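What the coordinates show
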Amino acid sequence: VEVTTHSQNPNAVAVIGAGFIGCSYVAVFARAGWEVRIYDADPTFRSAAKERVASLLKQTGHGDNLKNVSVHDDLEQSLDGVRWVQECTPENLDIKQSVFIQLDKLCPSEVILASSASALTMTAIAEKVSMPGRCVVVHPTNPPHLLRFVEIVAGANTKPHVVTEAAEVMRAIGQYPAVLHKEIPGFILNRLQVALEREAFKLLACQVASVQDIDAAVSEGLGPRWAALGPFAVEETNAANIGVGLTKFRAYFNETMAELDDEPFDAVDDAFIALAVEGVRVAYGENCHDDLLEKRDNLLTGLKDMHQP
Ligand SMILES: NC(=O)c1ccc[n+]([C@@H]2O[C@H](COP(=O)([O-])OP(=O)(O)OC[C@H]3O[C@@H](n4cnc5c(N)ncnc54)[C@H](O)[C@@H]3O)[C@@H](O)[C@H]2O)c1
């Protein structure tokens, strides 16, 4: 049975789950002028949410927009009048399936149900809902209030107009939507990230270089260039043009790629985790976590066009 009302506010969103991604998404919608309604199953997260969001909004100079944000003790109440739901609960199929069953029951049929899922597909998440056509993955980059890239991935039953509308909404709130043509594990961002991380992990495991130097190859070398240009644009600029470059370096690419395939690395086991933990402590110090986060956020807030509108 389709529930229909027409009292949705076109600029109102419910964010379900107020963890890392949820709070950051709240900031993205709130600073774009949307009314944001938060629900989290855990009362501790509910009481902490507003303060967390306040500090994220301050980072980009949008502190006043906290007035657009409300926190609700009840899921149904949080959904009242919204046009969009951004689900940000843990990456666990049982949790997401049960949240989507509830959302599907409680929201009128025109409300879009978006998931921040990183690896779970909408085909799986929406398996048991009555209206899978309005369900879509809208996967952000962490933290979305400082990084605009989002992946829009349809499930087997997602309606095309929902994909289009998802891209429009993301663009309207200042994000950069990429619409995938296929539902593929890891989508594109994490496939690219894990491809690089696999090699970084392997270089450490094989004792080719230290954590600090492997990280520096990215933070001092590849990363700043990648902040400006993606891999294809890099190849365009590495030679007269990409066609010339790929032709000139054809043998180098093919040999290196074959070599990488011949030496796979697929063992994030206890021994490797201990090696990585030790390597990070040696490189950055015992209590580096907050310093590294601050370094990241300082750089990202300084990058132009990264936090609109
Ligand atoms: N952290 C990242 O780097 C990152 C990046 C992109 C996407 N994601 C995805 O975003 C989602 C959220 O990840 P996170 O890192 O913010 O997790 P998190 O653990 O920080 O937050 C999850 C929140 O959901 C709440 N929650 C649990 N069950 C719930 C329920 N039934 N109803 C309502 N709230 C519930 C928890 O209390 C918690 O506050 C995941 O799907 C994750 O894969 C994470």
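Structure shown above.
Residues numbered from 1 in each chain as written. Predicted model: local features only at pLDDT ≥ 70, side-chain atom pairs only at ≥ 80, totals over all residues. Heavy atoms only, no water.

**Here we look at helix α7 (residues 189–205)**
Along its 17 residues, α7 runs 24 Å from first to last C-alpha, staying within 8% of the 24 Å computed at 1.5 Å per residue. All of the buried residues in α7 are N190, K202 and L204. Buried residues along α7 cover an arc of 155° about the axis, so they all sit on one side. In this structure, the buried side of α7 is in contact with β6 (135–140), α8 (211–228), α11 (250–262) and α12 (270–284). (Helix = DSSP H or I, 4+ residues; strand = E, 2+ residues; numbered from the N terminus. Expected span 1.5 Å × (residues − 1). Buried < 20%, exposed > 50% of the residue type's maximum accessible area, 1.4 Å probe, protein only. Arc of directions from axis to C-beta. Contact = heavy atoms within 4.5 Å.)

**Points about the packing of aromatic side chains**
Across all of its chains, the model carries eight aromatic pairs by this definition. Ring geometry for F265 and F272: centres 5.3 Å apart, planes at 65°, overall edge-to-face. Taken as a pair, F265 and F272 share a single burial class, namely buried. Taken together, the ring pairs in this structure connect Y25, F29 and W34 into an aromatic cluster. Between R52 and the ring centre of F20, over which it is positioned, the NZ or CZ distance is 5.5 Å. (Phe/Tyr/Trp six-rings, centres within 6.5 Å; stacked < 30°, edge-to-face > 60°. Lys NZ or Arg CZ within 6 Å of the ring centre and 35° of its normal.)

**Describing the packing of α7 against α8**
For the pair α7 and α8, the least separation of the axes is 9 Å and the interaxial angle reads 155°. One element, α7, and the other, α8, form an angle in the roughly antiparallel class. At the point where α7 passes α8, the crossing takes the right-handed sense. Touching L196, A200, L203 and L204 of α7 are V211, I214, V218 and W226, all from α8. For the contact of α7 with α8, the per-class residue count stands at eight nonpolar, no polar and no charged. (Axes fitted to C-alpha atoms, helices over the stretch in contact; angles between N-to-C directions. Parallel < 35°, antiparallel > 145°, perpendicular 65-115°, else oblique. Left-handed = near helix turned anticlockwise from the far one by under 90°. Nonpolar A, V, L, I, M, F, W, Y, C, P; charged D, E, K, R; others polar.)

**Let's talk about unusual backbone geometry**
In this structure, P143 follows N142 across a cis peptide bond, with omega equal to -5°. Mapped onto the secondary structure, P143 falls in the loop between β6 and β7 (149–154). Although it is not a glycine, Q207 sits at a positive phi angle of roughly 55°. Its place among the elements puts Q207 in the loop between α7 and α8. On the basis of relative accessible area, Q207 is assigned to the exposed category, the value being 71%.

**Digging into the sheet that holds β6**
Pairing between the strands of a sheet is mediated by backbone hydrogen bonds and can be parallel or antiparallel. Taken together, eight strands build an open sheet; the order of strands is β3-β2-β1-β4-β5-β6-β7-β8 and the sheet is mixed. Edge strands, defined here as strands with exactly one partner in the open sheet, are β3 (69–72) and β8 (176–179). Mean inter-strand twist for the sheet, computed between neighbouring axes without regard to direction, equals 25°. Here three bridges tie strand β5 (residues 112–115) to β6, and the two strands are oriented parallel to one another. When the bridges of β6 are listed, A114 appears paired with V136. Sheet contacts for helix α4 (residues 93–106): β1 (12–16), β4 (84–87), β5 and β6; angle to β5, the most-contacted strand, approximately 165°. (Pairing = 2+ DSSP bridges.)

**Focus: the site of the ligand**
In the region of the ligand, 24 residues are neighbours, and I21, D40, E91, K96 and S118 sit closest. A distance of 3.2 Å is found between a nitrogen atom of the ligand and a backbone nitrogen or oxygen belonging to A41. N142 has a polar side-chain atom sitting 3.4 Å from an oxygen atom of the ligand. Summarising the interface, the protein chains cover 77% of the accessible area of the ligand, which totals 840 Å² for the free molecule. The set of elements that each furnish at least two residues to the shell around the ligand consists of α1 (20–31), α4 and β6. (Near = heavy atom within 4 Å. Polar contact = N/O pair within 3.5 Å; in protein donor to acceptor, adjacent residues only side chain to side chain. Areas by Shrake-Rupley, 256 points an atom, 1.4 Å probe, with all protein chains shown as cover.)

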